[in-house]
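# Breakdown of the fold
Spelled out, the chains give:
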Amino acid sequence: MEMKTNGWQPKIVAFFCNWCTYTAADLAGVSRMKYAPNIRIIRLMCSGRLDPQFVMAAFARGADGVLIGGCHPGDCHYVEGNYKTLRRMTLLKRMLADLGIEEDRCRLEWISASEGDKVKWVVNDMTEKLRALGPLDLPGKHKEWDAEMEALEKEVQTQQEGEPSHVH
Ligand code: FES
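For clarity, every value in this text was computed on a predicted model and none was experimentally measured.

### Focus on the nonpolar core
Within the largest apolar cluster, 36 residues are counted, with the highest numbers of intra-cluster contacts made by Cys17 and Val66. Filtering out sequence-adjacent residues up to four positions away, Cys17 remains in contact with Tyr22, Leu44, Cys46, Ser47, Gly69, Gly70 and Cys71.

Structural data, given as structure tokens:
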């Protein structure tokens, strides 16, 4: 597809835990990486604070992929936050699959503060995969849907106009 190669870069929204992945990304200079210029990092105090609504909102507002980064199991500052994230992730994946959003568009990784290379690798790898998938463009699809529904409404109205007003 032309769009995939035509200078298009996937947009990633990253929800990173303050204590680990956020620090790793900051130290590794992820936001300045040439390969993944369209990453927007949002800091959470724990990956367990990630409301699935945030992920849905990121997609609805034009993200092509959502990356979640948390402390390794056993290292969460709030003890069980990341286990909660893992459980939520299972539900989230199911919801996304139902909506037809490909699995590779939402990813959870455990990355400690000292794993700057890992965060870079994950961002690059995700960028590659998203590039292969192409744009998700939910806002654009929404617009198309609006237009289609308007056309449908007109069709229904036109058809009704030609019918007698009392239909049994
Ligand atoms: S504090 Fe990092 S995942 Fe909970």
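After that view of the structure, there is still more to cover.
### Examining the pairing of strand 3 (residues 65-70)
Look at any regular strand and the pattern is simple: side chains alternate between the two faces of the sheet. Extensive coverage of strand 3 is indicated by the burial of six of its six residues. Burial along strand 3 is two-sided: Gly65, Leu67 and Gly69 facing one way and Val66, Ile68 and Gly70 facing the other are all buried. Relative to strand 3, strand 1 (residues 12-17) runs parallel, the two being bridged by five bridges. Across the sheet, residue Val13 finds its bridge partner in strand 3, namely Val66. For the crossover from strand 3 across helix 4 (residues 81-98) to strand 4 (residues 106-110), the handedness is right-handed.

### Some points on the environment of Val13
Structurally, the position occupied by Val13 is in strand 1. Its 22 C-beta neighbours within 10 Å are what place Val13 among the buried residues. Along the sequence, Val13 and Ile39 sit 26 residues apart, while their C-alpha atoms lie 5.8 Å from each other. Beyond its immediate stretch of four places on either side in the chain, Val13 contacts Arg40, Ile42, Ala58, Ala63 and Val66.

### Quick word on the pairing of strand 4
Judged by how many residues are buried, strand 4 sits mostly within the fold: five of five residues are covered. Across the two faces of strand 4 the burial is the same, with Cys106, Leu108 and Trp110 and Arg107 and Glu109 all buried.

### What to know about the sheet that holds strand 3
Strand order across the open sheet formed by four strands is 2-1-3-4, with parallel pairing between neighbours. Each end of this open sheet is capped by a strand with a single partner; those strands are strand 2 (39-44) and strand 4. Pairs of neighbouring strands in the sheet enclose a mean axial angle of 20°, with direction left out of account. Along the sheet, helix 2 (residues 21-28) makes contact with strand 1, strand 2 and strand 3, crossing strand 1 at roughly 120°. Contacting strand 1, strand 3 and strand 4, helix 3 (residues 52-60) crosses the sheet at an angle of about 150° to strand 3.

### Remarks on the environment of Asp64
Along the chain, Asp64 falls in the loop between helix 3 and strand 3. Overall, the presence of 24 C-beta atoms within 10 Å leaves Asp64 in the buried class. As a C-alpha pair, Asp64 and Gln53 span eleven residues in sequence and 16 Å in three-dimensional space. Those residues within four positions of Asp64 in sequence are excluded, and the remaining contacts are Pro10, Lys11, Ile12, Arg105, Leu130, Pro135 and Leu136.

### Examining the packing of helix 2 against helix 5 (residues 116-133)
Direction vectors running N to C along helix 2 and helix 5 enclose 90°, while the axes themselves pass 8 Å from each other. Taken as axis vectors, helix 2 and helix 5 run roughly perpendicular relative to one another. On the side of helix 2, the interface is formed by Thr21, Ala24, Ala25, Leu27 and Ala28, while helix 5 contributes Gly116, Val119 and Lys120. Taken together, the residues of the contact of helix 2 with helix 5 sort by class into five nonpolar, two polar and one charged.

### Remarks on the environment of Arg40
Positionally, Arg40 belongs in strand 2. Residue Arg40 is classed as exposed on the basis of its 12 C-beta neighbours within 10 Å. C-alpha of Arg40 to C-alpha of Val66: the two residues are 26 residues apart in sequence and 9.6 Å apart in space. If we ignore the near neighbours within four places in the chain, the residues touching Arg40 are Val13 and Ala14.

Rules and cut-offs
Residues numbered from 1 in each chain as written. Predicted model: local features only at pLDDT ≥ 70, side-chain atom pairs only at ≥ 80, totals over all residues. Core = buried A, V, L, I, M, F, W, Y, C linked by C-beta atoms within 7 Å. Buried ≥ 20, exposed ≤ 12 C-beta atoms within 10 Å, placed from the backbone. Contact = placed C-beta atoms within 7 Å. Helix = DSSP H or I, 4+ residues; strand = E, 2+ residues; numbered from the N terminus. Pairing = 2+ DSSP bridges. Right-handed = clockwise from strand over helix to strand, strands pointing away. Axes fitted to C-alpha atoms, helices over the stretch in contact; angles between N-to-C directions. Parallel < 35°, antiparallel > 145°, perpendicular 65-115°, else oblique. Nonpolar A, V, L, I, M, F, W, Y, C, P; charged D, E, K, R; others polar.

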